There are 2 protein chains.
Amino acid sequence: MTVQANAPPLPLAITLGEPAGIGPDIILSAWLQAGLDARRRGRLPTFVVVGDGELMTSRARKLGLTVPIRCVASAAEAASVFADALPVLHRPLARPPHAGHPTPANAPAVVAAIEEAVSLVETAAAALVTGPVHKKTLYDGGFAFPGHTEFLAALSGPDVRPVMMLAGAALRVVPVTVHRPLRAAVAELSTEAIVFAGNVTAAALVRDFAIAVPRLAVAGLNPHAGEDGALGREEPDIIAPAVARLQASGIHAVGPVPPDALFTPAMRDRYDAALCMYHDQALIPLKALDFDGGVNVTLGLPFVRTSPDHGTALDIAGTGAARPDSLVAAMRLASAMAARRAGRAPA
Amino acid sequence: MTVQANAPPLPLAITLGEPAGIGPDIILSAWLQAGLDARRRGRLPTFVVVGDGELMTSRARKLGLTVPIRCVASAAEAASVFADALPVLHRPLARPPHAGHPTPANAPAVVAAIEEAVSLVETAAAALVTGPVHKKTLYDGGFAFPGHTEFLAALSGPDVRPVMMLAGAALRVVPVTVHRPLRAAVAELSTEAIVFAGNVTAAALVRDFAIAVPRLAVAGLNPHAGEDGALGREEPDIIAPAVARLQASGIHAVGPVPPDALFTPAMRDRYDAALCMYHDQALIPLKALDFDGGVNVTLGLPFVRTSPDHGTALDIAGTGAARPDSLVAAMRLASAMAARRAGRAPA
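Predicted model only: the values in this text are computed from it and were never measured. (Residues numbered from 1 in each chain as written. Chains lettered and ligands numbered in written order. Predicted model: local features only at pLDDT ≥ 70, side-chain atom pairs only at ≥ 80, totals over all residues. Heavy atoms only, no water.)

Draft legend 1. Geometry of the sheet that holds strand S7 (residues 172-175) of chain B. Residue and element names in this part refer to chain B. The strand order across the open sheet formed by 12 strands is S3-S4-S2-S1-S5-S12-S11-S6-S7-S10-S8-S9, and the pairing between neighbours is mixed. Lying at the two open borders of the sheet, with one neighbouring strand each, are strand S3 (69-71) and strand S9 (252-257). Between one strand axis and the next, the sheet turns by 30° as a mean value, whatever way the strands run. With four bridges joining them, strand S8 (residues 215-219) and S9 adopt parallel strand pairing. Across the sheet, residue Leu216 finds its bridge partner in S9, namely Ala253. Running over the sheet, helix H6 (residues 148-156) touches strand S5 (128-130), strand S11 (295-299) and strand S12 (305-308) and is turned about 165° from S12. Its contacts with the sheet put helix H12 (residues 325-341) on strand S1 (12-15), strand S2 (47-51), S5, strand S6 (163-167), S11 and S12, and the angle it makes with S12 is roughly 165°. (Pairing = 2+ DSSP bridges. Helix = DSSP H or I, 4+ residues; strand = E, 2+ residues; numbered from the N terminus. Axes fitted to C-alpha atoms, helices over the stretch in contact; angles between N-to-C directions. Contact = heavy atoms within 4.5 Å.)

Draft legend 2. Summary view of helix H2 (residues 53-63) of chain B. Residue and element names in this part refer to chain B. Every buried residue belonging to H2 is among Gly53, Leu55, Met56, Arg59, Ala60 and Leu63, and all of these are buried. Buried residues along H2 cover an arc of 155° about the axis, so they all sit on one side. H2 presents Glu54, Arg61 and Lys62 as exposed residues on the side facing more than 90 degrees away from its buried surface. Regarding H2, its N-cap is Asp52, as a side-chain oxygen of that residue lies 2.8 Å from the backbone nitrogen of Glu54 further along. (Buried < 20%, exposed > 50% of the residue type's maximum accessible area, 1.4 Å probe, protein only. Arc of directions from axis to C-beta. Polar contact = N/O pair within 3.5 Å; in protein donor to acceptor, adjacent residues only side chain to side chain.)

Draft legend 3. Region of the structure containing the packing of helix H8 (residues 191-207) of chain B against helix H9 (residues 234-248) of chain B. Residues and elements named next belong to chain B. As a packed pair, H8 and H9 sit with axes 8 Å apart at the nearest point and diverge in direction by 35°. Remark: the crossing between H8 and H9 carries right-handed chirality. Contacts from Thr191, Ile194, Val195, Gly198 and Asn199 in H8 reach Asp237, Ile238, Ile239, Pro241, Ala242, Arg245 and Leu246 in H9. (Left-handed = near helix turned anticlockwise from the far one by under 90°.)

Draft legend 4. Spotlight on the packing of aromatic side chains. Summed over the entire model, instances satisfying the criterion amount to nine aromatic pairs over all chains. Residues Phe143 of chain B and Phe145 of chain B carry aromatic rings whose centres are separated by 5.6 Å and whose planes lie at 50° to one another, so their mutual orientation is tilted. Residue class for Phe145 of chain B comes out partly exposed when judged on its relative accessible area of 29%. For the ring pair Phe145 of chain B and Phe151 of chain B, a centre distance of 5.1 Å and an interplane angle of 50° mean the geometry is tilted. Given a relative accessible area of 4%, Phe151 of chain B falls into the buried group. Each member of the aromatic cluster is reached from another via a ring pair, and the members are Phe143, Phe145 and Phe151 of chain A. When the ring centre of Phe196 of chain A is taken as origin, the NZ or CZ atom of Arg161 of chain A, which lies over that ring, is 3.8 Å away. (Phe/Tyr/Trp six-rings, centres within 6.5 Å; stacked < 30°, edge-to-face > 60°. Lys NZ or Arg CZ within 6 Å of the ring centre and 35° of its normal.)

Draft legend 5. Spotlight on the environment of Cys71 of chain B. Here Cys71 of chain B is to be found in strand S3. Beyond its immediate chain neighbours, meaning those up to four positions away, Cys71 of chain B contacts Glu77, Val88 and His90 of chain B.

Draft legend 6. Examining the interface of chain A and chain B more closely. With 32 residues of chain A at the contact, the number on the chain B side is 32 residues. Interface area, chain A with chain B, both sides summed: about 2,800 Å², of which 65% is carbon and sulfur. There are four salt bridges connecting chain A and chain B. Note that Lys287 of chain B is salt-bridged to Asp260 of chain A, the shortest N-O span being 3.4 Å. In this structure, the connection of chain A to chain B is made through 10 residue pairs in polar contact (both at pLDDT 80 or more). Secondary structure elements with two or more residues in the side of chain A that touches chain B: helix H7 (182-188), helix H10 (265-268) and helix H11 (279-289) of chain A. Here the side of chain A that touches chain B gets nine residues from one element, more than from any other, and that element is H11 of chain A. Here the residues of the side of chain A that touches chain B sort into 18 nonpolar, seven polar and seven charged. (Buried area = accessible area lost by both parts, 1.4 Å probe. Salt bridge = Lys/Arg side-chain N within 4 Å of Asp/Glu carboxyl O. Nonpolar A, V, L, I, M, F, W, Y, C, P; charged D, E, K, R; others polar.)

Draft legend 7. Structural detail: the domain arrangement of chain A. All names here are of chain A. On domain assignment, one finds that chain A holds domain 1 (1-160 + 301-347) and domain 2 (163-300). Taken residue by residue, the interface counts 19 residues in domain 1 and 18 residues in domain 2. Summing both partners gives a buried area of about 1,600 Å² for domain 1 against domain 2, and 51% of it is carried by carbon and sulfur. The interface formed by domain 1 and domain 2 holds one salt bridge in total. A salt bridge links Asp208 to Arg341, with the nearest nitrogen and oxygen atoms 2.8 Å apart. The biggest single contributor to the side of domain 1 that touches domain 2 is helix H12 (residues 325-341), with nine residues. Broken down by class, the residue content of the side of domain 1 that touches domain 2 amounts to nine nonpolar, four polar and six charged. (Domains from an automatic or database assignment.)

Have a look at this one:
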């Protein structure tokens, strides 16, 4: 049961990610779209940027966008400002960034903004939406985590193990293995990892997506799901036992499903999320069906975090070519997830 | 330049495949659709069935379809019959089949029909369209080839090496490795196999698809195409050299392309066929985008061969639930390919 709270929802905390990338561009566009949406088709969630306000002003000028930037002292102040200006918790970078040319000199500020945004979530902010970071620049600047998501998990606690979901209009997918060479992903696939991802996914579908009895479909690994072992042993040895364990714990799970059958329109109607055995098994159908609207959701964190399903796109930063669709979808989804988690109906 | 020949095009030779499967059902439906099409939206190609006429009569009765079956003495006779009846080169089975229950006793007749149909192609028939076979039943009946396609290649000559293409309305894909466990497909991937598939595909796109300068996109194997070797070495070691060799031979080829980017709408506009490194990399996007209309095309044979992109569907044989869409698409494509190969404009 959902109830309407009296207080307005907290704003979303937004990080720029790589300041030389398209993060600032799409945040500016999203704010403009929020203004249009307020009049036309339902309000975009209120948000506050944790980052360099000077950069936002200069990028808006470069793009020819009329976006007033307002430095605020707290996330709480953002709501009253948002209708008239893009609120920013101003955290200056070491150097003014040049669009398209990241510098490791700014990596500490990029990382600090993420840390601060995490500290805001669940007290001063409803959820976290992160702009895309440029890994190599962060590494060159001393960053020691494999990626954004692992960093957020580490900030959240010692035993936090994140699970990645990609959510599009047509499909939700959860890759059990993520950024590994395909050869290694096959070698490392385990029953335990599938069961863990299945449990986290099912719990998130209940709590954050308001699906009372989630249906999971578990993909096979091999062509035709291995044809009863003739085309690979992972299905009987690893995947089927995982499906059985999920079922034994009361989760509605089916599989292993032949991978090429799993994403047909008829099959997509029969599950709420597909557990995929490797990165591209999940990402290929998601992007084929729904390129602009995909949202990256990190499950298993103590707070709601989403991000657009694209990179820094350095080649088009500052040009006006970047579309905010995925960021806007990430904002809408984060807001809805946070509302459900807080026991409110999504806006 | 294409010219209109004076003689009517030869009929397509159609095999039933597994007689207890849906092959007979969808051929009957296709003939009915041909009758509708002749009046409504352009003629389906004329075709002749190589198989058991009694089976076709009894299956039509079982399905409640009014399809007159006419036994003909030659493929040439089919054209004059086709408007009024479904022409069959009657080759009796050993036993009347029961829909849904294949018997190895009929395997020799199934195989003989394929052999005869191959012998007709390019003299008495324009192209071959094969119904789905049931591999296990053929094996139990003594069939010694890995599959349908390998058998057709063996019938075609000692050095014939087939390449599989799946063609849908949205996408053409060519898997470089096919029915192998994923682990083996990764281990066996070779520059030579990619170059071979690329050459055969490019030649077929020119000759059979009338694409003067075909554009090939070559997929990577690993997530993000390996991120410059950080997520796998197959891209620099195996795939990029293959792309370079294809380019050096004058073929317009690009890649390795990140697999999840390759099938987005914007990317699909930029190539005529995608070379894929393993079965599901090709089949997942094809079936996600275009489940009912996919056609299996065998490139590299001396004749045109297509087949529907589905199996025997034993569970729905004889029930009326099987849809002929993929078979009809296979017929249309075979006819168009044969016409182009013969120097005629497709009907």
